[in-house]
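Architecture at a glance
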There are 2 protein chains.
Amino acid sequence: MSAPEQVAQNYSFDGTITKYKGTAAALGGLETQFNVFLPKQALDGDKVPVLYYLAGLTCNEDTAPWKGGFLRDAAAEGIALVFPDTSPRGASIEDEDKDWDFGTGAGFYINATKEPWKKHYNMYDFVTAELPQLLEKLSLPLDLSRSSIFGHSMGGHGALTLYLKSVLASSPSTKYLSASAFAPIANPTQCPWGDKAFKGYLEGGLEEGKEYDATELIKQAKGKDLKVLVDVGTGDNFYKQKQLLPENFIAARDAAGFTEKDVSVNLHDNYDHSYYFISTFAPAHIKFHAQVLKGASKL
Amino acid sequence: MSAPEQVAQNYSFDGTITKYKGTAAALGGLETQFNVFLPKQALDGDKVPVLYYLAGLTCNEDTAPWKGGFLRDAAAEGIALVFPDTSPRGASIEDEDKDWDFGTGAGFYINATKEPWKKHYNMYDFVTAELPQLLEKLSLPLDLSRSSIFGHSMGGHGALTLYLKSVLASSPSTKYLSASAFAPIANPTQCPWGDKAFKGYLEGGLEEGKEYDATELIKQAKGKDLKVLVDVGTGDNFYKQKQLLPENFIAARDAAGFTEKDVSVNLHDNYDHSYYFISTFAPAHIKFHAQVLKGASKL
């Protein structure tokens, strides 16, 4: 595994946002791209904490740096941001590009176990294990021991599940200190998007999919120390179509004994599924993670 | 002229951003789209001041609301934002879509006087006269007597020239109270982009183009009360290629007796031509205009 190659770099908010490309074993050896925002503190030599952002269906590694409004607050807090792509690309699988909610742009942050997807569609392993290794290869001034994760929609599902799985695992590849999500697919085994994805990617279908379902996972986390923030707009058409199901996640949270303080889920009138919604709550999400990451002991 | 029709609406930062489409006489009767951000103060019934944003080459009415990071500060200041498109679209002129720096997406905020462009390519009249009329037809809670303008690149050229022309005119269609620009084409009669545009759109070529050249216009504004802010990154490839020429604008400013306080032009190391640069300086630009607009007497 060689170090990724720099594709582009822009200055922003006294820091830099750099696009890299590299080959990923977890993605069957395909090339993948990701963006890294380094705040001024990192350019000055400090090892800064890392906040990963997972984007939603049809998006890629550029969507959130362009439209999320995250860099401003990350710069102020001195936190690095890492933006991976949403799926492998160019796996040459038949019908890979046919649907917007399956295949390219729709990796769902799982490890596929079903043919013909299992060789390439392993975004779970890529994000949790290989991406941090690629960042280490780049020798960037990052303190990977202080990592958190957030995301939107499919990526909100990804953030919640990767976080909860890291809390539940005895020795996770990455231990995330906090998770937040904008309009996450909070109970994918019970909604059309998750149904299609899990039956398509997983040999065990929805039953196997439960290990990638935030509402299932939080039940197992009873007694753990959780730090979760979720925001959902009730004007969101996908919320209305019951693709997101935050109520199921809230019910599971309550049943597991977590409070609104541990796992805060907020519904907002009028807001929808777009980056106009995300950017509105971006400052609060960055602040939430900053308090955890900057309060954690340094490397 | 009927009122524009609402195409889409999103909530953002406690306000709304609404896309409208309407037919524009200045654009030869073509349909055009624009976005309007209304802050909460307007939704609550206050008549708020208006800040127009003119985008650059290849962009449209969505580019800046998505990528500029302007809504957050406009919301905090209680200022409306209006985002027109960058040119007419669908005029069915031969080669209209051939080049990225001429024709579609490249209206240059002038009134064309040359065939075959003169019927449709009149973004100057559209932005200064017809767009405010369309806003009035919509009966939005806007105080159009308090209007300012800003923009990027070609749109920075547009903002500076529309402002300076409004300062110089005895009875302008819109009197802009302040102007700001990110990486503007500050002396278009002396750079390749302006050369191509003015020779292409204007019967009188570069000589006629001087009336749309900020460096020419500021010479005529001697003695006027100007409020202008310009930011340019010296890592900008178009700056390096001498498409922007802020130095010429600075020299003309100085020769006309304006100070850095009246017409502030700042060069920034490392920053480039992208929205990563724009969003970095967005808060300062909104603050600059807010001080002028909120200090002006209300309707």
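Each chain carries its own residue numbering, running from 1 in the direction its sequence is written. Labels are handed out in written order, letters beginning with A for the chains and numbers beginning with 1 for the ligands. Where local features are concerned, this predicted model is filtered to residues with pLDDT of at least 70; where side-chain atom pairs are given and counted, the filter is 80 or more; whole-chain, interface and lining totals use all residues. Computation of side-chain values covers all heavy atoms of the structure but excludes hydrogens and water.

The name an unreviewed UniProt entry gives chain A is S-formylglutathione hydrolase, with Rhodotorula taiwanensis as the organism. UniProt positions are given in the numbering used here, feature names are shortened, and annotations may be inferred rather than shown by experiment. Turning to chain A, the UniProt record has this under Function (unreviewed entry): "Serine hydrolase involved in the detoxification of formaldehyde." UniProt lists a comment for chain A under the heading Catalytic activity (unreviewed entry), and it reads "S-formylglutathione + H2O = formate + glutathione + H(+)".

**Let's talk about the relation of the copies chain B and chain A**
Only residues with pLDDT of at least 70 in both copies count here: their C-alpha atoms drive the least-squares fit that superposes the copies. The two copies are related by a screw motion: chain B maps onto chain A through a turn of 180 degrees and a shift of 0.0 Å along the axis, at an RMSD of 0.0 Å. Between the two chains, the operation in question is that of a two-fold axis. When C-alpha distances to the rotation axis are compared across chain B, the minimum falls at B:Lys67, with a value of 2.5 Å.

**Focus on the sheet that holds strand E1 (residues 5–12) of chain B**
One requirement defines pairing of two strands: DSSP has to find at least two bridges between them. Here a strand is any run of E in DSSP of at least two residues, a helix any run of H or I of at least four, and the numbering for each starts at the N terminus. One open sheet accounts for 9 strands, arranged E1-E2-E3-E5-E4-E6-E7-E8-E9 (chain B); its pairing is mixed. Two strands lie at the open edges of the sheet, namely E1 and strand E9 (263–268) of chain B, each paired on one side alone. Strand-to-strand twist of the sheet, defined as the mean angle between neighbouring strand axes without regard to direction, takes the value 20 degrees. As defined by bridge partners, strand E3 (residues 30–38) of chain B adjoins strand E5 (residues 80–84) of chain B across 4 bridges and the pair is classed as antiparallel. By the bridge assignment for E5(B), B:Phe37 is matched with B:Leu81. Two residues qualify as a contact provided that any one of their heavy atoms is within 4.5 Å of a heavy atom in the partner residue. Interaxial angles span 0 to 180 degrees and are taken between N-to-C directions of axes, which are lines fitted to C-alpha atoms, for helices over the stretch in contact. Sheet contacts for helix H11 (residues 275–295) of chain A: E1 and strand E2 (15–24) of chain B; angle to E1(B), the most-contacted strand, approximately 25 degrees. Strands strand E8 (228–233) and E9 of chain B of the sheet are contacted by helix H10 (residues 246–255) of chain B, whose axis makes an angle of about 150 degrees with E9(B).

**Things to note about the layout of surface pockets**
Of the grid points, spaced at 1 Å and generated over the protein atoms alone, those admitting a 1.4 Å probe that cannot get out make up cavities, while open sets with protein on both sides within 12 Å along at least five of seven lines make up pockets; any residue with an atom within 4 Å of a point is treated as lining. Grid points are joined across faces, edges and corners, and a volume is the space filled by probe spheres set on the points. Considered as a void within the structure, the largest pocket measures approximately 530 Å³ in volume. Along its surface, the largest pocket is lined by 28 residues, and A:Asp272, A:His273, A:Ser274, A:Tyr275 and B:Asn10 are the ones closest to its centre. Going through the elements one at a time, helix H2 (63–67), helix H9 (237–240) and H11 of chain A together with E1 and E2 of chain B are the ones with two or more residues in the lining of the largest pocket. Gly is put with the polar residues, along with every residue not named as nonpolar or charged; the nonpolar set is Ala, Val, Leu, Ile, Met, Phe, Trp, Tyr, Cys and Pro, and the charged set is Asp, Glu, Lys and Arg. Its residues placed into classes, the lining of the largest pocket shows 10 nonpolar, 13 polar and 5 charged. Put simply, the second largest pocket is a space of about 410 Å³. Residue assignment for the lining of the second largest pocket shows that the elements contributing at least two residues are strand E1 (5–12) and strand E2 (15–24) of chain A together with helix H2 (63–67) and helix H11 (275–295) of chain B. With 3 residues, E2(A) is the single largest residue contributor to the lining of the second largest pocket. A class-by-class count of the residues in the lining of the second largest pocket yields 10 nonpolar, 10 polar and 3 charged.

**Examining the sheet that holds strand E5 (residues 80–84) of chain A**
One open sheet accounts for 9 strands, arranged E1-E2-E3-E5-E4-E6-E7-E8-E9 (chain A); its pairing is mixed. Every other strand in the sheet has two partners, leaving E1 and strand E9 (263–268) of chain A as the edge strands with one partner each. On average, adjacent strands in this sheet sit at an angle of 20 degrees to one another, irrespective of strand direction. In this structure, E2(A) lies alongside strand E3 (residues 30–38) of chain A, joined through 9 bridges in antiparallel fashion. Each bridged residue has a counterpart across the sheet, and for A:Ile17 the counterpart in E3(A) is A:Phe37. Across the face of the sheet, H11(A) comes into contact with strand E4 (48–54), E5, strand E6 (142–152), strand E7 (176–182), strand E8 (228–233) and E9 of chain A while running at roughly 165 degrees to E7(A). Docked against the sheet, H11(B) engages E1 and E2 of chain A, running at close to 25 degrees with respect to E1(A).

**Digging into the interface of chain B and chain A**
Interface extent is often summarised as the accessible area lost during association of the parts. Opposite the 22 residues of chain B that make contact, chain A presents 22 residues. Two parts lose some accessible area (1.4 Å probe) when they are put together, and adding that loss for both gives the buried area. For the pair chain B and chain A, the two sides together bury roughly 2100 Å², of which 49% comes from carbon and sulfur. The three residues of chain B that bury the most area against chain A are B:Tyr11, B:Arg72 and B:Tyr276, which together make up 36% of that side's buried surface. Put simply, a salt bridge is a Lys or Arg side-chain nitrogen that is within 4 Å of an Asp or Glu carboxyl oxygen. Between chain B and chain A we count 2 salt bridges in total. The salt bridge involving B:Asp73 is made with A:Arg72; its shortest N-O contact spans 2.7 Å. Under this definition, polar contacts are N or O atom pairs within 3.5 Å; protein pairs additionally need one hydrogen-donor-capable and one acceptor-capable atom, and for neighbouring residues in sequence, both atoms have to be side-chain atoms. At the boundary of chain B and chain A, one finds 14 residue pairs in polar contact (both at pLDDT 80 or more). For the side of chain B that touches chain A, the leading source of residues is H11(B), giving 5 residues. In the side of chain B that touches chain A, the residues fall into 10 nonpolar, 7 polar and 5 charged.

**Some thoughts on the environment of A:Asp85**
Residue and element names in this part refer to chain A. The residue Asp85 is located in the loop between E5 and helix H4 (123–137) in this model. Separated by 25 residues in sequence, Asp85 and Asn60 place their C-alpha atoms 4.7 Å apart. In this view, Asp85 contacts Thr32, Gln33, Cys59, Asn60, Glu61, Tyr109 and Met123; residues no more than four positions away in its chain are not counted. Polar side-chain contacts of Asp85 include one of 2.5 Å to the side chain of Arg89.

**Concerning the UniProt feature "active site" (unreviewed entry) in chain A**
All names here are of chain A. According to UniProt, the feature "active site" (unreviewed entry) maps to Ser153, Asp236 and His273 in the numbering used here. These annotated residues cover 121 residues of sequence, and their C-alpha atoms lie no more than 10.9 Å from one another, placing them together at a single site. Lining of the largest pocket among the annotated residues: Ser153, Asp236 and His273. Residue position: Asp236 is located in the loop between E8 and H9.

**Thoughts on the packing of aromatic side chains**
Here a pair means two rings of Phe, Tyr or Trp (six-membered ring of Trp) with centres within 6.5 Å. Their orientation is stacked below 30 degrees between planes, edge-to-face above 60, and tilted elsewhere. Scanning all chains against the criterion turns up 45 aromatic pairs over all chains. By way of ring pairs, the aromatic residues A:Tyr11, B:Tyr53, B:Phe70, B:Phe83, B:Phe150, B:Phe182, B:Tyr271, B:Phe277 and B:Phe281 are connected into one cluster. Consider the ring centre and the ring normal. A charge sits over the ring if Lys NZ or Arg CZ is within 6 Å of that centre and within 35 degrees of that normal. For A:Lys67, the ring lying beneath its charged end belongs to B:Trp66, and the centroid distance is 4.0 Å.

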